[in-house]
Each structure stands twice: as C-alpha cells, then as structure tokens.
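Residue-level listing of the chains:
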Amino acid sequence: MSETRAASTPLSPVALHQGLDRIWSTPKGWGRLSAVNHTVIGRRFIIAAFIFFAIGGLLAMLIRAQLATPHSGFVGPALYNQIFTMHGTVMMFLFAIPMFEGVAMYFLPKMLGARDLAFPRLSALGFWCYVFGGSILIVALLTGYAPDSGWFMYTPLSSGKHSPGINADVWLLGITFVEISAMGAAIELTVSILKLRAPGMSLARMPLFAWYILVTAGMMLVGFPPLILGSILLELERAFDLPFFDPARGGDPLLWQHLFWLFGHPEVYIIFLPAAGVISTILPVLVGRPILGYSWIVVAVTAMGFLSFGLWVHHMFTVGIPHLAQGFFSAASVLVAVPTGIQIFLWIGTMMAGRPKLTVPMLYLLGFFFVFVCGGLTGVMLAIVPFDWQVHDTQFVVAHMHYVLVGGFIFPMLAAAYYWLPHFTGRQPLYNVGTLAFWLIFIGFNATFLIMHLTGLYGMPRRYYTYEAGYGWGALNLVSSIGGFVMTMGFALFAVDMLFQFRLGRIAPRNPWRAGTLEWATATPPPSYAFASLPDVTSRDPLHERPDLGQELAAGGGYLAEPRNGWQETLVVSMNSATPQSIAILPRPTFLPLATAAAIGLFVLSLLFKLYWAAAFLPIAVLALCLAWTPASGAKADLGPVPAGRGLGLPVHFEVERPLSWWAMVFLLLANGTIFASLVFGTLFLWLVAPNWPPPGGLDLSQGRLLLIGSLVVVAALAARLAQRPLGQTGRPSLPLLVGTLAAEALAAGLTLATLFDVPTPTGHATFATVCALLAYVALHAVLGVVFAGFAIWRVMAGYVSARRSADLGIGSLWHDYTAVSGLLALLLVAALPFLLPLRGSVG
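Now for a look at the structure at hand. (Residues numbered from 1 in each chain as written. Predicted model: local features only at pLDDT ≥ 70, side-chain atom pairs only at ≥ 80, totals over all residues. Heavy atoms only, no water.)

## Digging into the overall build of the chain
Selection criterion: The helix and strand labels rest on DSSP assignments: H or I over at least four residues marks a helix, E over at least two residues marks a strand, and numbering proceeds from the N terminus. As a reference, a globule follows 2.2 Å times the number of residues to the power 0.38, and the radius of gyration itself is taken over C-alpha atoms. Each residue is assigned to one of three classes by its accessible area relative to the maximum for its type, calculated with a 1.4 Å probe on protein chains only: buried under 20%, partly exposed between the two thresholds, exposed over 50%. Only the protein chains shown count as cover for residues, with accessible areas throughout obtained via the Shrake-Rupley method and a probe of 1.4 Å.
Scanning the chain from N- to C-terminus turns up 26 helices and 7 strands. For the chain, whose C-alpha radius of gyration is 28 Å, the value lies close to the compact-globule estimate of 28 Å for 844 residues. Summarising its shape, the C-alpha atoms of the chain cover approximately 85 × 75 × 45 Å along the three principal directions. Looking at the chain as a whole, 60% of its 844 residues qualify as buried. Total accessible area computed for the chain in this model is approximately 31,400 Å², and 71% of it derives from carbon and sulfur atoms.

## Topic: the nonpolar core
We apply this condition: As used here, the term nonpolar core means buried Ala, Val, Leu, Ile, Met, Phe, Trp, Tyr and Cys residues forming a set that is joined through side-chain atoms within 4.5 Å. Contact between two residues is taken to exist if any of their heavy atoms lie within 4.5 Å; hydrogens are not considered.
Grouped together as the largest cluster of nonpolar side chains are 271 residues, with contacts concentrated most on Y130, W256, W347, Y364, F409 and W420. Discounting chain neighbours no more than four positions away, the residues touching W256 are F152, M153, Y154, T155, W171, L172, L227, G230, S231, L234 and F245. Membership of the second largest hydrophobic core comes to 8 residues, among which are L727, A792, I793 and V796.

## Brief notes about the pairing of strand β4 (residues 568-573)
The line we're drawing: In this scheme, strands are said to pair when DSSP sees at least two bridges between them.
For β4, a buried count of 6 out of 6 residues is recorded, marking the element as mostly surrounded by other parts of the structure. The pairing of β4 with strand β5 (residues 580-586) spans 6 bridges and is antiparallel. Each bridged residue has a counterpart across the sheet, and for V572 the counterpart in β5 is S582.

## Concerning the side chain of Q395
Counting through the fold element by element, Q395 comes out in helix α13 (residues 395-425). Residue Q395 is classed as buried on the basis of its relative accessible area, which comes to 5%. Dropping the residues within four chain positions of it, Q395 is found in contact with L67, M452, T455, G456, M460, P461 and R462.

## What about the environment of P386?
Counting through the fold element by element, P386 comes out in helix α12 (residues 385-391). Considering only alpha carbons, one finds P386 and L722, 336 residues apart in sequence, at a separation of 60 Å.

That's the geometry; what it means functionally is another story.
See below:
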C-alpha cells in the first residue's frame, strides 16, 4: 500500500451516480440474463426459493389430505412415495439453503460496506445451476419420474435392484447439480466476508450476521462434500454396477447412511445459523438496545459449527452400532444444546433489557422462541438412546424436525421479510394483514405438529401412506391436517401481503427502524452499485455513531468515489484488521455463467438418459467456457498503484501475490480435501465392517508403477514452484519448467488410467470398486493439473504474467501441491490394501 493523492477533481454527486450507474447497471431486455450483480442475483435466489417453497407446501398439503382419514384413497402408495420424497427434497435443497444464499448475497456486501461479492460470475453460475437442477426435479415430478426413496435416499431402497428406472437418478444427479450452486456460494461468501469489508471493520467490529454466514459457509465447505461423494458413488453403482453399497459383494448400505448424515446433520445447523444471524441482527433493533454478549455469541456460533459435525450418528442409533459409540454420540448431541442455549438466553436478556414492541417482525421472533425451544427440547429427548429407540421412524421424529426447521428457519425468515421489505422496495407494509397471517401460521403450525408428537407416541410410523382405523390415530391425523390447511392459508396471506406492498405500501424513510448496520446507509431500494463511495468503520454500529453516513457516502465522501475506465471497483482489506490492501476490479454482466450452467445441465441430462457418448464430450465444453472467463481477470501491462480516494493509492487485484481468486482456490481445495477424506473413510469403513470381505482372488497392482505415479505428481508440484523463481530477476517464469509440469501431470494421468485396467473386475467386489474410485480421483486431478499447467503457459505466452502479475502461477501451484499430497495418500492406500486385507479379521 502506498500513499498518493488523487489527481482528478471530485465529481458532483449527480455525475458520480450517473457514472456509477453506467458502469454497474444490468442491461435491459434479454440482457437481464447476463446479470451478475449481487443485488439482482440475491433477489432472484429469494424469489426462486419462495416459488419452490410454494411447491413444497403444496406437496405437504397432499400428504395431509392423504393422511386425514384412515384408508384414504386420495393417492396410491407409489405416488405418495414420490410426494413425500419430493416434499423433503424441495424444502431442504431447493428452498432452505437457496433462500439463505439469496438473503446473504443480497445483504452481505451492503452490511460489509462493499459494492458486490468477490466473484459475481460465480454467484450467477450458482443461480442458474440451482434453477436448472431444481427444474429437472420438478419436471420429473410432473411427468411421474420423481424420486421415491425418501429425501435421504437410503440404500438398498435407492439401488438399481429395488428402484429401477431413472427416479433415483433424478435425485442423485439433480441434487448434485444443485450442490454446485451451494459450494460456489460457500466459497463466494467466505472470501467476501474475509476480504471485502469496509476499512476499519475488523473481525471484532463485523456485524453478527456476517459471523453467522461465515461459520455457515465454512460448514458447507466441509459438510456438503460427503453427500456429493455419496451421490457419485451411488450413481456409479446404479449406472455401472460398482458395488459400494451392495452387501453381497463387499459393500455396505451403512456407508451411505454415514456419508448422508455426515452432511445431513450439519445441514440442520447450516439452515438454522443464518436464521439465527437474522435474529441477532434485527432483535436488538426491534427492542432498541445493543445485543448482549457479542463475543459470547461469536464463540457459541463457532462452537455449534464444530459440534454439529460430531452428531451424525444419532440418526443411526437403531442400526446396530456399538454401545460405546452410541454413548459418545448421545453425549455430543446433548452437548450442542449448550451453545444453542447461550444464544437463546442472550436474546432473551436483550429483550428484557430493551423495550419490545409488538410489530409484525417481533411477533414472528416471539413465535420463533416458542416453536424452536419446543423443538430443541424434543431434540434433547431424541438424543437419549433409549427414548430414540422407542420413537425412531415415527411421526414424533417428523414433528420434532418440523419444530426445529420451521421454528428455527421459517419464523425468523418471515420476521426478516417484514423487517427488510423497506430495503427491497422502499415501501412499508400494512401491518394488520401481516398480523393476521402470523396468527394463522402460528396456530396452524402448532395444530399440525404438536398433535403429531402424540401420533408418534401412539406408534404411527412415518412414511406410511395409509393406516387402519381403530389405532387411535384417525382423530389426531384429522386435526393435524386441518392445522396444515390453516397454516397454508396463513402463508398464502403472507404472499399476498408481500405482493401488495411492492405497489401499495407506504413510502418508507431511508432507515425506518433506526438500525446501526451499513445496509441502511444505501438508498432504498438500493442502486446496482450499493454505495456511491465506500465507508470507513470505527464501531460495530456505524449508523448509530454517524447517522448521516449514508448522505456522506452518496455525496462521494468515502473511498473509490471516482468512476473510471468502466471498472466495477471495490476495496480488498486484510482479514483481521481490515486494512486496505488492493482494489478488486469485478467482472461486468456476461452470458458466460448462463452458458456454463447450460453446458453443465446438458452433461447432467446426458448422464440421466444414459447418453454416455455425449457425457464424454460435454466436460470439454464446460472447461472451454470456464477458460473463457479468464481473460477479463487479468491485464497485459503493469498498472502500479492507482488512487483509491482519501489520498490512498492501492494496487489492483491482479498485481498482488494473493488475490481473491487465490483465496477461492484455498477454500475450494478445502472442500475437495473433504471429498477425498470421505473417500478414504469409505474405503477403510468397508474394509473394517462390511460383510463378505476379503474379496475373491487378490489385488495385485504393480507397486513400482504406483511409486512412479507418486513421483510424477511430486515432480509436477516441485517444477511448478521452481518455475516461479526467475520472476523476481527477469520478470518471466521458467517456461521449460512449466512444460515439465505439464508433462509430468500428463504422464501421471496416463499411467493412472492405465493402472485402472489392471484392477480385477471392479463390479465383482467393493474392494476393487473403491480402488478404482481412488485411482480415478488421482487421474482426474492429474488431468486437471495438465489444464492448469497449460493455462499457465498460455498466460505467460500471452503476456498476462510479470513479476507483479504472478497470481495465475500461484493458483496453479496450489492445485499441483494438492494433487501431489492427495495423490500420494491415495496411492499409498491402494498400495497398502493387499497388506491390510489379511488384517481385517484381527482388527474387526
């Protein structure tokens, strides 16, 4: 960082806003499809998620209509299976996660004092992947090909033998498609929170909402990969008969349950924490006093993030795991109530210390306290092994889950909708309608699910499409169904209320709640660039300290108050202290994310319809489109420091050693490492406990070839690092060493693929199937290593690399390093398996 003085004369506010609008606005007409702006993408996520929520709610009503009376003929068992599977799938994957992503994408940059997220094109790609993947599932539902094995897709019910046809494939491929969106959002949000804050907004001054989203995004990075791996393995079993989950051939259905719940239980907290972040943000404003225990809340949220990964087995208490493991996971499940309780008591303390008013958002927060605490208490009951054995797979569990998820996510989100509606529309709602909607939802919800606890205690299993009269379940189910329809009326009224406010609401002042966070420093509704100039921050509630900050920034009193060169600029800061480090130049609207998502969608469809010849070529198209993103992210000449305002001069992002994309690669590799760790876990799990081991015959792979492959990936990583050394002296890297990197990765990929053919009959036993999976993992990373090395050579030859502009090489080196480390570990495990197989009996 260097100190320079801006040479240009400050612009008038009108000229400043007009200039920024020309640079940041999204084109009209079909050009809207090229939008990458976080405000536009965030709104689209929210609207799409609400549409999917309506679809999921309609499916729920079909379930309640079917169960209202005994012997109901409303729908048959086959259709009922599809309906309850799709209800859970839609609500968990197409509503809850995307809704929080949309809210986070829309608000986070504004709360952090930035103009956009770190990777706008990644946000747009995630949105299109989400919409396309969700559409595949909905079209399958409408055409009768929806998945029907439950939203958890337990094997062997979801295997090819028991679920023929493409129904299960729709779930596996469609959800994996949607998860691309979630992983992209996790990387996007993590990097944005850590690097795109206002100067002075240290971690200790960061809004609590950002802390919650940061922890949530971190959980997604390590929580989603096990399910991604599980979905890939199950699809490989269904498509190519590789027996990962078939006990007759050395597989184990419990492996699916472990991989699923390694994702599934953190998923509950991934849904809850953003909603809790909303509560911690709006509750202090609604009661008129600062939040109690800011630091304690940060610690509690972080603790919940860690603890949530130690609870997955409590979904499997009845599958026959050892008693010691049951005791450990039971204790861990109870322990997570501690950080949850800390937050709840601090929220209650904040309310008691303030002056709550029964506004509509406050009503929903009070509803949250009642519903979520009830759900938490039944959660503690279910964490106790003997009680769990009694009510496992009954309606009691369904009731508990809805109390936690609806109470912990939907009620806070409804409060958020009314609280932030003036920010979206510039208008205030008509509260009387909102109050009526609240009571319909609250009463209808409790009538539905409070009763369902009793139905479960009376022994009614979940997922049954009908039941006999005389069990005492009929009246309870009828009340639940009536409650469900009352709740639906409430949601319909809420939707009508929201729609009316967009046109008929009263004009809202700029900061109607007198909040202290920066999102209220923008105009309402906000322009595409959010802030005309960027603020500096000296407290946790900057608007309380400087009520006129919004007007000051609009007049150009902050950083980057000079539209120039068509650049979409925002500041990059250090992680802890938020000291300005560089200027990020963000990409402008482009159709590339839409085209890339369409190519990925075609790849998914080609797999779904077994068009494997097309599936072999489409990844090349996806790769070509991804490479087409890169020219806009660099330059062919050094710029040096440029004025950032207030006398500050900073380098642009492609002239720093570790730009935003370098950090994105770090977090991508973290997620990738979790996939690899899950694959190793799966291999060792099957070796240790799966039936029908050891395999017939043996595993006789060439140890020398495995050693050679390992050596090649290490050589590639070293060559990539050494190639950068001449940069300091000559301004150019060593091209021969970069070519050597490419050659080493290519040889490693070729030898690994050749070794795959030496694995005896991968369909014969899980041992051989897992070895193939490990070798394929190594080969895939070596192939991508070739791409990274080739890309580096092209960037050097095209003039994108200099001593200042070396980030492309650094990012490539990260990939080669990861390939070397994971490759060595995978090859070591493959080489060790022949020696481990005889030990299976003594260890087991």
